[in-house]
Each structure stands twice: as C-alpha cells, then as structure tokens.
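Coordinate inspection notes
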Amino acid sequence: MKLDDAYANAAHIPQAAQYPPRWSEAAAAFREAMGARADLGVSYGPSARQAYDLFHAEGPAHGTMVFVHGGYWLKFGRSTWSHFAKGALARNWNVAMVEYDLCPDVTIAQITRQVATAITSLAARLDGPMTLSGHSAGGHLVARMLAPGMLEPDVAARIQKVAPISPVADLRPLLETSMNADFKMDLAIAAAESPVLQPPPDTPVCIWVGAQERPVFLQQAAALAGAWSVPQVIVPSKHHFDVIDALCDPQSDLVRYLTT
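Just so we're clear, the structure is a prediction, and the values are computed from it rather than from any experiment. (Residues numbered from 1 in each chain as written. Predicted model: local features only at pLDDT ≥ 70, side-chain atom pairs only at ≥ 80, totals over all residues. Heavy atoms only, no water.)

**Observations concerning the UniProt feature "domain: Alpha/beta hydrolase fold-3" (unreviewed entry) in the chain**
Per the UniProt annotation, the sites labelled "domain: Alpha/beta hydrolase fold-3" (unreviewed entry) are residues 65–180. Helix makes up 31% of residues 65–180 and strand 19%, and the two end C-alpha atoms of the span are 31 Å apart. (UniProt positions renumbered as here; feature names shortened; annotations may be inferred. Helix = DSSP H or I, 4+ residues; strand = E, 2+ residues; numbered from the N terminus.)

Structure, rendered in structure tokens:
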C-alpha cells in the first residue's frame, strides 16, 4: 500500500527488534520489585485484556498518571511498559498502565470506548487529579479522551493535563496502509476517530515527538498541535522507540509536566 513504509517505524530504527524484549524484561523486573505496591490485572471490562496494572506511590499520592500503550491498536499489552511508571512514581504519583482489546477483534472506536471506561474505573477507585499520557496509538487514545462527551463531566473535570507522545492524530492516511485490513475503516470512520478533527479542548495538552521519527509522525504531531493550538516538544536525537524513555526519569521535562 502507498503509505506502508511511511508508517513503518521498526524498519527505520537500528536494532529495532531488540526493543520489545528489552522492554518486557525491564517491566517484569520492575513489577517484581514493586511487590505489594502493584495491583496487577485489575479488570474494568468483560474481556481478559480489559484490565490495568496500578502502581501505588510510596506515600499519599499527589494524583494518578494513566499511560496507554501503543502498537498500532494491533499488539502489545500493559505488561510491556511497567517500568515506564518509574518517573511519576518517584514524584509520588500513582501510575496506571491500561490495556485494551486489539484490532481486528474490535474496532478502533471500540478501543477508544474501552480506554474511557478504564479511566472512569480508575477515577472511581482513586482520589485526586489525573493526567493522561499515551504513546503512538496510545497517544491517539488519550487525545480522544478529550472529545466532547467521551468522559462523564465529573471524570473529565479531574483530567489535569494530557501528553500525547508521537500520536497518530489523523487516521485518514492509514486508509492507504495494509494495516487497514485489520482496522476496517472507511473515510467516515477514520475521520470520526481523528483527534485533529475534534474541537480544541480546554484541558492543557502538550504533544511530544522525537526529532528522529518518521516524517509522518512529525507531521501528525504538528497537525494536532496546530488544530488544537497547543505546544509541542520535539525531542532532539530521539526516535519512535526511545522518545518514551523520558517517562523513567523523574527529572525529565515530560514527567515534570505530567506531575506538576
């Protein structure tokens, strides 16, 4: 398909195949070290993948950061990313890692609704402000949470900040990729699920993207920043797979943004 290579991240990242096993290994070690401060596999819906892992701050938490993983709505789950909770936890925030069903078993629109349900479940369980961060497809999903009516007003009011990382903000170009065989989108569906076509939100948003990402991801980030009139941060020397490393660092600009 015309845009397959444009959206192929791994093909353009050196030693890309090493990243997922490295993430999984670090995530497993992190979960083990967390011990009783980790509530794993908390269900928020009827299927096995409708669950989140909740990592509790050591003391009274200032709030809860929610992370939604990427993988083009086709792969990965909550257990690959656990260690990316380190930064926010060190700043005394709870962190929830949300998992969801995958295409083609469900549609992207259904995934969006699942994430909204997960956030609603977390809001009922925990007090205080919430911030949202998601990577790639997860960036799309947290941006979608700001659509009018997506979250109930009492839940939406608790969302303090949102940081989409390398988001897919306009789904219409994906119609020209082979992945759409699993997404099963037409133009109307793709438009309905595109954050760039949502009204600009009142909630503070800052978009993050790596300077060494594929050109389409830089374009996607810029398009969302322009459509919503929000800032974007282009991180020097980072590509699609390592731009999220900042979540591990409590002193990073990204973690400070999400926990301040």
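**So, the packing of aromatic side chains**
Per the counting criterion, the structure on display carries 14 aromatic pairs. With a centroid separation of 5.1 Å and an interplanar angle of 80°, the aromatic rings of Phe30 and Phe55 are classed as edge-to-face. Of this pair, Phe30 sits in helix 1 (residues 19–34) while Phe55 sits in strand 2 (residues 51–55), and the two are 25 residues apart along the sequence. Centroid distance Trp81 to Phe84: 6.1 Å. Interplanar angle 35°. Geometry classified as tilted. The same class applies to Trp81 and to Phe84, which are both buried. Among the aromatic residues, those joined into a cluster by ring pairs are Tyr19, Trp23, Phe67, Phe76, Trp81, Phe84 and Phe241. Over the ring of Tyr19 we find Arg22, and its NZ or CZ is 4.7 Å from the ring centre. (Phe/Tyr/Trp six-rings, centres within 6.5 Å; stacked < 30°, edge-to-face > 60°. Buried < 20%, exposed > 50% of the residue type's maximum accessible area, 1.4 Å probe, protein only. Lys NZ or Arg CZ within 6 Å of the ring centre and 35° of its normal.)

**Some details on the packing of helix 3 (residues 108–125) against helix 4 (residues 137–144)**
For the pair helix 3 and helix 4, the least separation of the axes is 9 Å and the interaxial angle reads 65°. Two packed elements cross with a definite hand, and for helix 3 against helix 4 that hand is right-handed. Along the contact surface, helix 3 presents Ile108, Ile111, Thr112 and Val115, while helix 4 presents His140, Leu141 and Arg144. (Axes fitted to C-alpha atoms, helices over the stretch in contact; angles between N-to-C directions. Left-handed = near helix turned anticlockwise from the far one by under 90°. Contact = heavy atoms within 4.5 Å.)

**Some thoughts on the state of the cysteines**
Counted by the stated rule, this structure contains 0 disulfides. Not engaged in a disulfide, the cysteine Cys206 finds its nearest cysteine sulfur in Cys248; these two sulfurs lie 19 Å apart. (Disulfide = S-S within 2.5 Å.)

**Digging into unusual backbone geometry**
In this chain, Cys103 is followed by Pro104 through a cis amide linkage whose omega measures 5°. Note on placement: Pro104 falls in the loop between strand 4 (94–98) and helix 3. Of note, the phi angle at Tyr72 is positive, near 55°, even though the residue is not glycine. Tracing the backbone through its elements, the reader meets Tyr72 in the loop between strand 3 (64–68) and helix 2 (86–90). Of note in the backbone geometry, Ser166 takes a positive phi value of approximately 50° without being a glycine. With respect to the helices and strands, the residue Ser166 is situated in the loop between strand 6 (159–165) and helix 6 (180–183). For Ser166, a relative accessible area of 0% corresponds to the buried category.

**A few points about the pattern of salt bridges**
Enumeration over the complete set of coordinates arrives at 8 salt bridges. Between Lys2 and Glu176 there is a salt bridge whose closest N-O contact spans 3.8 Å. Residue Lys2 is found in the segment before helix 1, and its partner Glu176 is found in the loop between strand 6 and helix 6; the two are separated by 174 residues along the sequence. Put simply, Asp5 and Arg214 hold a salt bridge, and the shortest N to O gap is 3.2 Å. Here Asp5 is found in the segment before helix 1, whereas its partner Arg214 is found in the loop between strand 7 (207–210) and helix 8 (215–228), with 209 residues between them in sequence. Taking the relative accessible area as the measure of exposure, Arg214 reaches 17% and is therefore buried. Bridged by salt links that share partners, the residues Arg49, Asp53, Arg78 and Glu99 form one connected network. (Salt bridge = Lys/Arg side-chain N within 4 Å of Asp/Glu carboxyl O.)

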